Every structure is written in C-alpha cells, then in structure tokens.
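Fold and contact review
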Amino acid sequence: MPSWIRRISAGAAIILGSAHLVYGMVVFKALTPDHLWFAGAGIAMICVGLAHWNRPARVQAALMCIYLGVLALILPLPQIFIGLAIFLTLLVSNRRASYA
C-alpha cells in the first residue's frame, strides 16, 4: 500500500488518542486509577501513531489490534471499532512497506 495511506492512518491514530485524552479530562473529575488507565490508552494510541508516521511499526500496530479486538468483545462501542479499523489499516499498510 502507498505510504500516504499509512500517514493518514497514523494521523487518525494520533487524533483518536488525543480525543481519548481530552474526553478523559472531561469525564473524570479527579485523578483516579480509572482516569490514569484511560489516559494511558490515549497515550498509547498517540505513541503508535507517531511511530508509524515516518516508518512502519508492525509490532505496535499488532499489539493495538489485539488490545482493541479483545476490548471490542467486552465493550462493543463504535469508537472501539473505529480504532480497530485504524490500527488494522496501519498493520496491513505495513506489510509492503520497506524499512529502507
């Protein structure tokens, strides 16, 4: 797949992670363990998106797909399926990407 697909998907992952962080600040009024876990997931999405921006990062994409796949079984919400689609696109777009 062309690198522009990877860059768009990486940007979408960064946006989704940023929205996750902002939403967590709105929902959680205090710094609780749940808020920290929620923020950690947003930071992970941002980090994976940044890792893919210039170069493929297959392991990170695979781990996020596994995480979101399990999460989709437990909590089938639209944003989880959107995240899964984004990270699956990153994983598939990395199949043909070169590391040069």
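Below: a short report on this structure. All of these numbers come straight from a predicted model, not from anything done at the bench.

Quick notes on the environment of Pro33
Note that Pro33 resides in helix α2 (residues 33–54). Judged by its relative accessible area of 59%, Pro33 is exposed. With 15 residues separating them along the chain, Pro33 and Val48 place their C-alpha atoms 22 Å apart.

Details of the environment of Ile43
Positionally, Ile43 belongs in helix α2. Placed 39 residues apart in sequence, Ile43 and Ile82 show a C-alpha to C-alpha distance of 17 Å.

Details of the nonpolar core
Counting residues in hydrophobic clusters, the biggest one holds 15 residues, and the most contacted among them are Ala13, Met45, Met64, Leu68, Phe87 and Leu90. Every element with two or more residues in this core is listed here: α1 (3–27), α2, α3 (58–74) and α4 (78–93). Leaving out residues up to four positions away in the same chain, Ala13 has contacts with Met45, Ile46, Gly49, Ile86, Phe87 and Leu90.

Conventions used here
Residues numbered from 1 in each chain as written. Predicted model: local features only at pLDDT ≥ 70, side-chain atom pairs only at ≥ 80, totals over all residues. Heavy atoms only, no water. Helix = DSSP H or I, 4+ residues; strand = E, 2+ residues; numbered from the N terminus. Buried < 20%, exposed > 50% of the residue type's maximum accessible area, 1.4 Å probe, protein only. Core = buried A, V, L, I, M, F, W, Y, C linked by side-chain atoms within 4.5 Å. Contact = heavy atoms within 4.5 Å.

Read these as layout, nothing more, since geometry by itself doesn't imply function.
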